[in-house]
Amino acid sequence: MAKHSTGFNLTAGASNPILTVPTGYDALVSYLFISNGGQNTKSVTATWHDGVDVIFLSGKSVSAGDHIDFGGSGSSFLVMREGDYMTIEPEAASTFSCIISYDLYPAAPRLNI
């Protein structure tokens, strides 16, 4: 197990990959922080890609100087498998940043169900 935190200044109007789970690993995402550092209220969309696009934050309006966070407690997490990735797309002409914290584990055997 290896713990990681990574921060990004996101490109406005573009889909920004913030985590891609490497081959041979699973990721346990424990925290995601998204902040609007701009002067105006803007929207943001976040998507988990695991063979399908799972939009878990869709056009969420975030006031200037405000933030959104997911997780942070021991019981809140998202399990991502090798090859899964997460993207964040801020509205055009916005100033968003994010921090994602996660643990990497050797990939677990898969069940065929």
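Residues numbered from 1 in each chain as written. Predicted model: local features only at pLDDT ≥ 70, side-chain atom pairs only at ≥ 80, totals over all residues. Heavy atoms only, no water.

**A few points about the pattern of salt bridges**
- A full pass over the atoms with the stated rule returns two salt bridges.
- A salt bridge links Lys-3 to Asp-103, with the nearest nitrogen and oxygen atoms 3.5 Å apart. Here the residue Lys-3 occupies a position in strand E1 (residues 2-9), and Asp-103 occupies one in strand E9 (residues 96-106), the gap between them amounting to 100 residues.
- On the basis of relative accessibility, which here comes to 9%, the residue Asp-103 falls in the buried class. (Salt bridge = Lys/Arg side-chain N within 4 Å of Asp/Glu carboxyl O. Helix = DSSP H or I, 4+ residues; strand = E, 2+ residues; numbered from the N terminus. Buried < 20%, exposed > 50% of the residue type's maximum accessible area, 1.4 Å probe, protein only.)

**A closer look at the sheet that holds strand E8 (residues 85-90)**
- Overall, antiparallel pairing links the four strands, which are arranged E2-E8-E4-E5 in an open sheet. Edge positions in the open sheet fall to strand E2 (16-20) and strand E5 (53-62), since each of these has one partner strand only. Ignoring which end each strand starts from, the neighbouring axes of this sheet average 15° apart.
- Pairing of strand E4 (residues 42-49) with E8 involves six bridges; the strand directions are antiparallel. Bridged to Trp-48 within E8 is Met-86. (Pairing = 2+ DSSP bridges. Axes fitted to C-alpha atoms, helices over the stretch in contact; angles between N-to-C directions.)

**Things to note about the side chain of Ser-101**
- As for its position among the elements, Ser-101 is in strand E9.
- Leave out the neighbours within four places in its chain, and Ser-101 touches His-4, Ser-5, Leu-28, Val-29, Ser-30 and Tyr-31. (Contact = heavy atoms within 4.5 Å.)

**Remarks on the environment of Gly-71**
- Within the secondary structure, Gly-71 sits in strand E6 (residues 67-71).
- Classification of Gly-71 by relative accessible area gives partly exposed; the value is 40%.
- Each C-alpha atom, one on Gly-71 and one on Phe-33, is 8.8 Å from the other, the two residues being 38 residues apart in sequence.
- Excluding residues within four positions of it along the chain, Gly-71 makes contact with Ser-30, Tyr-31 and Ser-76.

**Side note on the packing of aromatic side chains**
- This structure, assessed with the given rule, holds two aromatic pairs.
- Considering the side-chain rings of Tyr-31 and Phe-33, the 6.5 Å spacing of their centres and the 25° angle between planes classify their relative orientation as stacked. (Phe/Tyr/Trp six-rings, centres within 6.5 Å; stacked < 30°, edge-to-face > 60°.)

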